[in-house]
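# Examining the three-dimensional arrangement
Below, each chain spelled out in residue letters.
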Amino acid sequence: APAATALPAAAAVARVPAAPPPVPAAPARGPARLSYSALNDYARCPYRFYLRRVLRLPDVPAPPADAMAREGEPTQVVARPAIDPRLRGVLAHALLEGLDFRRPVPPSRAKIAALAAAQGAEPPPAALDEVAELIAGFATSPLCARLAAAGRGVRREAPFAFALESDRADGPLLSGFVDVLAPEPDGTVLIVDYKTDHLEPHDTPAAATGRAYATQRAVYALAALRSGAPRVEVAHCYLERPDDPAVAAYTAADAPALAEAIAALASGVVTGDYPVTAAPHRDLCATCPGRTALCSHPQEVTLRPAAA
């Protein structure tokens, strides 16, 4: 078993004035706020959260793909995105925010190029076409048709905020945004989250969501249930595979368990408990600031495939 991961002595939050705690102290008027994205990062690996969000250490470069290969893994060459992943995400989300679900028209190359230029980028034609294909795929998906059928109640970039402890008005608030929120005729609230993550051929949207976005899914579900929805479906739509969203359904009976799990994570953030993850893998660890020297897991473990 690896040795316990130690927190560097200089890492105490009080000694790093440039790095405020992830949950700010409550102001004189109103409760403290915690973003769901911070909570999701903490859930994946508290120690990585500590290095990146508390100490503000920069990510390290990921090793080349061939250096991360392991004996027994498939050796086929997988086409990687032709565009920077962050820019790909920004462009796709901007285009989908303006997409008419009832009459979805894929964007032109010129429109995507203009959006990229506004971000200070000039992607090659192949990258523009890649983004266009993502939007076109979603436009013909069953999920898009379902949003179209929801009618005028559909909200995009819908904000939410709720108290982590429902019986305390002065407790911390968990806040964020959902890409799309759609109340359906039967009372179900459908929440759609677009993902531009690249999935390996052996991976599935359901498995990827379970690894990386389980906390996000729980937060979205609890936010809708706390707002009075009798039933919630949270769909993570990977735009590379729009016909196979990862969907999870919840009812009011699930709210107590969701709240308990989320409160436990939030408590770790607030109290500064930063253990290393028990399930390292290269999608999580490849760029972690602690991978090469600070983490208790050896690199043959942190660089293994996510499905291992």
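Read on for an overview of the structure. (Residues numbered from 1 in each chain as written. Predicted model: local features only at pLDDT ≥ 70, side-chain atom pairs only at ≥ 80, totals over all residues. Heavy atoms only, no water.)

This part is about the overall build of the protein. The helix and strand inventory of the protein stands at 11 helices and six strands. Relative to its full complement of 308 residues, the protein shows a buried share of 44%. Residue pairs in contact within the protein that sit at least 24 positions apart in sequence constitute 69% of those at least 6 positions apart. Only carbon and sulfur atoms are counted for the fraction: they give 56% of the accessible area of the protein, which is about 15,400 Å². (Helix = DSSP H or I, 4+ residues; strand = E, 2+ residues; numbered from the N terminus. Buried < 20%, exposed > 50% of the residue type's maximum accessible area, 1.4 Å probe, protein only. Contact = heavy atoms within 4.5 Å. Areas by Shrake-Rupley, 256 points an atom, 1.4 Å probe, with all protein chains shown as cover.)

Following the criterion strictly, the structure yields nine aromatic pairs and no others. Measuring from centroid to centroid gives 4.7 Å for Tyr50 and Tyr274, while their planes differ by 35°, and the two rings are tilted. Placement of the pair is Tyr50 in helix 2 (residues 46-54) and Tyr274 in the loop between helix 9 (255-271) and helix 10 (282-285), with a sequence separation of 224 residues. With respect to burial, Tyr50 and Tyr274 carry one shared label: buried. Taken together, a centroid distance of 6.0 Å and an interplanar angle of 85° make the contact between Phe160 and Tyr220 edge-to-face. With Phe160 in strand 2 (residues 155-163) and Tyr220 in helix 8 (residues 214-226), this pair connects stretches of sequence that are 60 residues apart. (Phe/Tyr/Trp six-rings, centres within 6.5 Å; stacked < 30°, edge-to-face > 60°.)

If you look at the biggest cluster of nonpolar residues, it comprises 44 residues, and the most contacted ones within it are Leu39, Phe160, Leu174, Ile191, Val219 and Ile262. Per element, the largest residue contribution to this core is eight residues, and it comes from helix 8. Excluding its chain neighbours within four sequence positions, the residues that come into contact with Ile262 are Leu39, Leu164, Leu174, Ala218, Val219 and Leu222. Counting 30 residues, the second largest nonpolar core, distinct from the first, contains Leu87, Leu99, Phe101 and Val154. (Core = buried A, V, L, I, M, F, W, Y, C linked by side-chain atoms within 4.5 Å.)

What follows covers the side chain of Glu184. Within the element layout of this structure, Glu184 appears in the loop between strand 3 (173-183) and strand 4 (188-195). In terms of polar contacts, Glu184 uses its side chain to reach the side chain of Arg146, at 2.7 Å. Excluding residues that lie within four positions of it along the chain, Glu184 makes contacts with Arg146 and Leu190. (Polar contact = N/O pair within 3.5 Å; in protein donor to acceptor, adjacent residues only side chain to side chain.)

Before going further, it helps to examine the pairing of strand 5 (residues 231-238). Taking burial as the measure, the eight residues of strand 5 include seven buried ones, the bulk of the element. Taken together, the eight bridges between strand 4 and strand 5 define a ladder with parallel strand orientation. Directly across from Asp193, in strand 5, lies its bridge partner His236. The pairing of strand 5 with strand 6 (residues 246-251) spans six bridges and is antiparallel. (Pairing = 2+ DSSP bridges.)

Here the focus is helix 6 (residues 142-150). Buried within helix 6 are the following residues: Leu143, Cys144, Leu147 and Ala150. Buried residues in helix 6, looked at end-on, bunch into an arc of 110°, giving them a common side. Every exposed residue of helix 6 that faces more than 90 degrees away from the buried side is listed here: Pro142 and Ala149. Residues of helix 6 that are buried make contact with helix 5 (125-139), strand 3, strand 4 and strand 5. One or two steps after helix 6, the chain reaches Gly151, where phi turns positive at roughly 85°. (Arc of directions from axis to C-beta.)

Looking now at the side chain of Gln216. Along the polypeptide, Gln216 turns up in helix 8. When neighbours within four sequence positions are excluded, Gln216 is seen to be in contact with Tyr36, Asn40, Asp193, Lys195 and His236.

As a further point, take the packing of helix 1 (residues 36-44) against helix 9. At a minimum axis distance of 10 Å, the contact between helix 1 and helix 9 shows a crossing angle of 85°. As far as their axial angle goes, helix 9 and helix 1 are roughly perpendicular. Here Leu39, Tyr42 and Ala43 of helix 1 come into contact with helix 9, specifically with Ile262, Leu265, Ala266, Gly268 and Val269. (Axes fitted to C-alpha atoms, helices over the stretch in contact; angles between N-to-C directions. Parallel < 35°, antiparallel > 145°, perpendicular 65-115°, else oblique.)

What follows concerns the pattern of salt bridges. This structure, assessed with the given rule, holds 12 salt bridges. Here Asp59 ties to Arg52 by a salt bridge, and the two come within 2.8 Å at their closest N and O atoms. Judged by its relative accessible area of 32%, Asp59 is partly exposed. The partly exposed category is assigned to Arg52, whose relative accessible area is 26%. Here the residues in one salt-bridge network are Arg146, Glu184, Arg231 and Glu233, joined through shared partners. (Salt bridge = Lys/Arg side-chain N within 4 Å of Asp/Glu carboxyl O.)

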